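Reading the structure
Take a look at the letters that make up each chain.
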Amino acid sequence: MTETDKTAEASPSRPRPRGSARLGAEDTRAHGRRRLSMVDVAAHAGVSVGTVSNVLNRPEIVAKPTLLRVKAAIETLGFVPSAPARQLRAGASRSVGVVVRDIGNPFFTEVLPGIESRLSEEQLLLVVCSSNDSPEKEAHYLQTLEQHRVPGILITPAGDDIGHLVDLHRRGVGVVLLDRPGANSQLCAVAVDNVRGGELAGNHLLSLGHRRIGFLNGPLVIRQCRDRREGLLRAVRNAGLAPDEVVTEVTLPVLNAAGGEAGLDELLAMAGPPPTALFCMNDMVALGALRNLEQRGVAVPGEMAVVGYDDVEFAALLSPSLTSIRQPKQQLGRAAAELLLTDARGEAGHWHQEIVFQPELVVRASSSAPAPPSAG
């Protein structure tokens, strides 16, 4: 079968006014980057744009040697084809992707309105994906979003390595880390000082007189888990105490209410005196722990003080109301969206920025001084 080699029509790109809010035309540039197109693949393979289009859409009509040559060019250049051809002709999507670790966590659902409010001002839609802490699922969503030519992606990475996100940015997609510090200014980032947050929780419980603190944490591959742990241990060390003698840690596989409930079972089954206070990685974990304590008949805060993290909306509505470390969730989301808009426009003079908010201790009824030891 002979190769079909039709010349594809090329739409001239129009110059974008400086400072325009319009994102994602096919010639999007940022920091000297240009999103690859079929023109680049055609030039690299020595064929026409029409041939590249046929390889992508009707490979059965392309001669095998040409097919292999074009596929090799696609792989060498790292070209990602657009999924909908109609959208490709019109330019990039008017949607922005956000990939979070767990959409079931109220923290993220309270961050999203801040993102949406800023993007709506630019007539951009928000596409929300939840990786459920799975790097494989995260990779799938990133590939899908890139294929749909989104101009930018906000992401809370599922793992510690962000090399794939740096590569995505180099291919012309705006990327901003959400609730995660940047890495050597390779990407823009918006975060809260989680080390300070863990320190606030530890200082609070130590100031109340607690010297046996249970810590329901998550996997240390998650940056927030490492940072909050470091903050808690710093508070203990600064108080002149030995962390190994004060803190008993349980690592939860999932950071939700069920994980908190099961984690407390594991904590209380450990040898040695039980803790008099709990610090929970987030408010969902604290909710599960509180449910477990109620079922056991353990009084909160009389027999067990509990501190959560995030200060989501339900924290103040629990009985007892939950002491928590507050994160400025909507401000976090809006700041991340603003950075993404600037990054995706590729305006001259833009440099990677990291915005770090400070957490706040909100004291409520779930934490008090430990009960005095019973007589005898």
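Preceding this paragraph is the structure being described.
Just so you know, these numbers come straight off a predicted model, no measurement behind them. (Residues numbered from 1 in each chain as written. Predicted model: local features only at pLDDT ≥ 70, side-chain atom pairs only at ≥ 80, totals over all residues. Heavy atoms only, no water.)

**Digging into the packing of helix H6 (residues 135-147) against helix H7 (residues 163-170)**
Angle between the axes and distance between the axes: these two values describe a pair of packed helices. Between H6 and H7, the shortest axis-to-axis distance is 12 Å and the interhelical angle comes to 5°. One way to sum up the angle between H6 and H7 is to call them roughly parallel. Only His164, Leu165 and Leu168 of H7 make contact with H6, whose side of the interface consists of Glu138, Leu142 and Glu146. Of the residues belonging to the contact of H6 with H7, the class tally is three nonpolar, one polar and two charged. (Axes fitted to C-alpha atoms, helices over the stretch in contact; angles between N-to-C directions. Helix = DSSP H or I, 4+ residues; strand = E, 2+ residues; numbered from the N terminus. Parallel < 35°, antiparallel > 145°, perpendicular 65-115°, else oblique. Contact = heavy atoms within 4.5 Å. Nonpolar A, V, L, I, M, F, W, Y, C, P; charged D, E, K, R; others polar.)

**A word on the environment of Val307**
If you trace the backbone, Val307 turns up in strand S11 (residues 305-310). Placed 24 residues apart in sequence, Val307 and Asp283 show a C-alpha to C-alpha distance of 8.2 Å. Contact partners of Val307, with chain neighbours within four places excluded, come to Ala201, His204, Leu205, Leu278, Phe279, Cys280, Leu322, Thr323 and Ser367.

**Overview of the nonpolar core**
By size, the foremost hydrophobic cluster in this structure holds 27 residues, and its most contacted members are Val98, Ile115, Leu119, Leu154, Val176, Leu178 and Leu332. Looking at this core, the elements with two or more residues in it are strand S3 (95-100), helix H5 (106-120), strand S6 (174-178), strand S7 (188-192) and helix H13 (329-345). The greatest single-element share of this core, amounting to seven residues, is contributed by H13. The residues contacting Leu332, other than those within four sequence positions of it, are Phe107, Val111, Leu178, Asp179, Val190, Ala191, Val192 and Phe357. Listed in part, the 21 residues of the second largest apolar core include Leu252, Met281, Val285 and Leu290. (Core = buried A, V, L, I, M, F, W, Y, C linked by side-chain atoms within 4.5 Å. Buried < 20%, exposed > 50% of the residue type's maximum accessible area, 1.4 Å probe, protein only.)

**With respect to the sheet that holds S3**
Spatially, six strands are ordered S4-S3-S5-S6-S7-S13 in an open sheet, and the strand pairing comes out parallel. Bordering the open sheet on either side are strand S4 (125-130) and strand S13 (354-357), each of which pairs with just one other strand. On average, each strand axis in the sheet is inclined to that of its neighbour by 15°, with strand direction left out of account. The sheet contact formed by strand S5 (residues 152-155) and S6 spans four bridges and is parallel. Note on S6: the bridge partner recorded for Ile155 is Leu177. Across the sheet, H5 is in contact with S3, S4, S5 and S6; its angle to S4 comes to roughly 155°. (Pairing = 2+ DSSP bridges.)

**Looking at the packing of helix H1 (residues 38-45) against helix H2 (residues 49-57)**
Relative orientation of the contacting elements H1 and H2 amounts to 105°, with a least axis distance of 8 Å. The pairing of H1 with H2 is recorded here as roughly perpendicular in orientation. Contact with H1, carried on its side by Met38, Val39, Val41 and Ala42, involves Val49, Val52, Ser53 and Leu56 of H2 and no other residues of that element. Counted by class, the contact of H1 with H2 contains seven nonpolar, one polar and no charged residues.

**Thoughts on unusual backbone geometry**
In the segment running from Val300 into Pro301, the intervening peptide bond is cis, with an omega of 10°. In this structure, Pro301 sits in the loop between helix H12 (283-296) and S11. For the bond from Ser319 to Pro320, the omega torsion is 0°, close enough to zero to count as cis. Among the structural elements, Pro320 can be located in the loop between S11 and strand S12 (323-326). A positive phi angle, close to 60°, is found at Arg149, a residue other than glycine. Take Arg149: it is sitting in the loop between H6 and S5. Note on Arg149: relative accessible area 2%, which makes it buried. Even without glycine at this site, Asp311 takes up a positive phi of about 55°. Note on placement: Asp311 falls in the loop between S11 and S12.

**Quick word on H6**
With 13 residues, H6 should cover 18 Å at 1.5 Å per step; its first-to-last C-alpha distance of 18 Å lies within 8% of that length. Of the residues making up H6, those classed as buried are Glu138, Leu142, Leu145 and Glu146. Projected onto a plane normal to the axis of H6, the buried residues spread over an arc of 100° and lie on a single side. The inward-facing, buried residues of H6 contact S3, S4, S5 and H7. (Expected span 1.5 Å × (residues − 1). Arc of directions from axis to C-beta.)

**Quick notes on the pattern of salt bridges**
Taken as a whole and assessed by the stated rule, the structure comprises 21 salt bridges. Across the pair Arg101 and Asp133 runs a salt bridge, and its minimum N-O distance is 2.9 Å. Taken as a pair, Arg101 in the loop between S3 and H5 and Asp133 in the loop between S4 and H6 lie far apart in primary sequence, 32 residues in all. Of the residues examined, Asp133 reaches a relative accessible area of 31% and is grouped as partly exposed. A salt bridge links Glu146 to Arg171; the shortest N-O distance between them is 2.8 Å. (Salt bridge = Lys/Arg side-chain N within 4 Å of Asp/Glu carboxyl O.)

**Focus: the packing of aromatic side chains**
A complete count under the given rule lists three aromatic pairs for this structure. The interplanar angle of 70° and the centroid separation of 5.1 Å between the aromatic rings of Phe107 and Phe108 together place this pair among those described as edge-to-face. Like Phe107, the residue Phe108 is buried in the burial classification. Ring plane angle 45° and centroid distance 6.4 Å describe the contact between Phe279 and Tyr309, whose orientation is recorded as tilted. Within this pair, whereas Phe279 is found in strand S10 (residues 277-280), its partner Tyr309 is found in strand S11, the two being separated by 30 residues in sequence. An identical accessibility class is assigned to Phe279 and Tyr309; each is buried. Members of the aromatic cluster, joined through ring pairs, are Phe215, Phe279 and Tyr309. For Arg228, the ring lying beneath its charged end belongs to Tyr309, and the centroid distance is 3.7 Å. (Phe/Tyr/Trp six-rings, centres within 6.5 Å; stacked < 30°, edge-to-face > 60°. Lys NZ or Arg CZ within 6 Å of the ring centre and 35° of its normal.)

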